[in-house]
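Tertiary structure, described
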Amino acid sequence: MSKNWRPATQLVHGGTTRSNHGETSEAIFLTQGFVYDSSEAAEARFKGETDGFIYARYGSPTNDMFEQRMCMLEGAEDARATASGMAAVSAAILCQLKAGDHIVAARALFGSCRWVVETLAPKYGIECTLIDGRFLENWEKAVKPNTKVFFLESPTNPTLEVVDIAGVARIANAIGAKVVVDNVFATPLLQKPLELGAHIVVYSATKHIDGQGRCLGGVILSDKEWINEHLHDYFRHTGPALSPFNAWTLLKGIETLPLRVRQQSENASRVADFLAEQPQVARVIYPGRKDHPQADIIARQMKGGSTLVCFELKGGKEAAFALQNALDVVLISNNLGDSKSLITHPATTTHKNLSEEARAELGISPGTVRFSAGIEDSEDLIEDFARALKTIRA
């Protein structure tokens, strides 16, 4: 198996294993367990003396293909596929912590991610400090003797802030902490956190990796030593495993990931430029624009913009709802990374459980809207927004 393939080739052929039938498409192994040739063979496999699968909760041939393909794309040594993106996030964080440990997390996180570090972890005696992750000095100031994990997403949901991953990794390495990066908004095609010094990367594979609104999934990627020491037993005994059918669906989705992300990013860029010129729009945030507040960091750590655009309407919630309700091509949904263009009002959906003060800290106003570009014709998307914006007074 060539390790020099470029991403588009890796995502079609990487990690593929075939049965003796020689199938073209990857096989779905819908089985709970596996049969052994002898009692001695079963004993050897459970001891780890021979390779092979034991139980679908631990792994299956279909899941293994998906994990290997993601490793090739991400440049990781090992991976574990999970039932959802949040299963990946919670497992990556909790598997390596114990009571008395401390997490430093960027405050700009998806609502459920914040719940894991801010509400769930403290129930088990794990302390958490939330900071404005844009500034490296905040990471340094938050460090305590018991700090074990730094957690961040970049670009952030929904305001597309960017965190200096390499800078955060330097601080973490100095104290022996691990950096966990939620890389969903960038995708592994536009940003590779492991190359920037992060130790663990998590994805909601539900988003761009499937990218067609079909199934849930997640994945955790790191080096073999960390996975064997921290994640392996947690994964086996708590059961966040991905179903083989969903693994197969994700394998089919990932084949077209480069094509979709390229088109989605181009569409997002064009829509962002269009919205920035509209009188009803107070501001536009897009990592591909020169007016992004952290354009210098983006140039260093990202290979492109994003498939998402954040913008704020001057008329607040009323204007946001009017715009969303008037759109025809763009669909209202809390999902993202889909081949269909989607739009979300974070204050009443994905981030509704945060206090008004917490949303204000993150830059989420009543007029904030998140747009996830699909693969439609960009002219149709711009015309859709132009028509919908006419329903709102400037």
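Below or above, wherever it landed, is the structure these notes cover. Bear in mind the structure is a predicted one, so any value in this text is a computation, not a measurement. (Residues numbered from 1 in each chain as written. Predicted model: local features only at pLDDT ≥ 70, side-chain atom pairs only at ≥ 80, totals over all residues. Heavy atoms only, no water.)

**Notes on the packing of aromatic side chains**
How we decide: By convention, a stacked pair of Phe, Tyr or Trp rings (six-membered ring in the case of Trp) has centres within 6.5 Å and planes under 30 degrees apart, an edge-to-face pair has planes over 60 apart, and any other such pair is tilted. Relative accessibility thresholds used throughout: buried, under 20% of the residue-type maximum; exposed, over 50%; partly exposed, between the two (1.4 Å probe, protein chains only). Every helix listed is a DSSP run of H or I at least four residues long, and every strand listed is a run of E at least two residues long, numbered separately from the N terminus.
Applying the stated criterion across every chain, the model contains seven aromatic pairs. Arranged with centres 6.0 Å apart and planes meeting at 75°, the rings of tyrosine 55 and tyrosine 58 form a pair that is edge-to-face. Residue class for tyrosine 58 comes out partly exposed when judged on its relative accessible area of 25%. Taking the centre distance of 6.1 Å and the plane angle of 35° together, the rings of phenylalanine 245 and tryptophan 248 count as tilted. In this pair, phenylalanine 245 and tryptophan 248 both sit in helix α11 (residues 244-254), three residues apart, roughly one turn of the helix. Owing to a relative accessible area of 42%, phenylalanine 245 belongs among the partly exposed residues under this scheme. Taken together, the ring pairs connect Phe311, Phe371 and Phe385 into an aromatic cluster.

**Focus on the packing of helix α4 (residues 85-94) against helix α5 (residues 111-123)**
For any two helices packed against each other, one specifies the inter-axial angle together with the distance between the axes. Rule in force here: Lines are fitted to the C-alpha atoms to define the axes, a helix being fitted only along its stretch in contact, and any angle between axes, read from their N-to-C directions, falls within 0 to 180 degrees. For this classification, under 35 degrees means roughly parallel, over 145 means roughly antiparallel, 65 to 115 means roughly perpendicular, and everything else is oblique. Should the near helix be turned anticlockwise from the far one by less than a right angle, the crossing is termed left-handed; should it be turned clockwise, right-handed. For this analysis, residues touch if any pair of their heavy atoms sits within 4.5 Å. Lys, Arg, Asp and Glu make up the charged group, whereas Ala, Val, Leu, Ile, Met, Phe, Trp, Tyr, Cys and Pro make up the nonpolar group; the residues left over, Gly among them, are polar.
At a closest axis distance of 10 Å, the pairing of α4 and α5 adopts a crossing angle of 30°. Compared by their axis directions, α4 and α5 come out roughly parallel. When you trace α4 past α5, the crossing you get is right-handed. Taken together, the residues of α5 that come into contact with α4 (itself represented by Met86, Val89, Ser90, Ile93 and Leu94) are Ser112, Cys113, Val116, Val117 and Leu120. Grouping the amino acids of the contact of α4 with α5 by side-chain chemistry returns eight nonpolar, two polar and no charged.

**What about the pattern of salt bridges?**
Note the following rule: Salt bridge, as used here: a side-chain nitrogen of Lys or Arg that lies within 4 Å of a carboxyl oxygen of Asp or Glu.
Following the criterion strictly, the structure yields 18 salt bridges and no others. We note a salt bridge from arginine 300 to aspartate 164, for which the minimum N-O separation is 3.2 Å. On the criterion of sequence distance, the pair formed by arginine 300 in helix α13 (residues 295-301) and aspartate 164 in the loop between β4 (147-153) and α7 (165-175) is long-range, its members being 136 residues apart. Assessed through its relative accessible area of 10%, aspartate 164 is described here as buried. Ionic pairing is found between arginine 289 and aspartate 291, a salt bridge with its closest N-O pair at 2.9 Å. The partly exposed category is assigned to aspartate 291, whose relative accessible area is 46%. One network of salt bridges, with partners in common, ties together Glu26, Arg69, Lys252 and Glu255.

**Points about α4**
Here α4 lies mainly inside the structure; nine of its 10 residues are buried. Those residues of α4 that fall on the buried side of the exposure criterion are Gly85, Ala87, Ala88, Val89, Ser90, Ala91, Ala92, Ile93 and Leu94.

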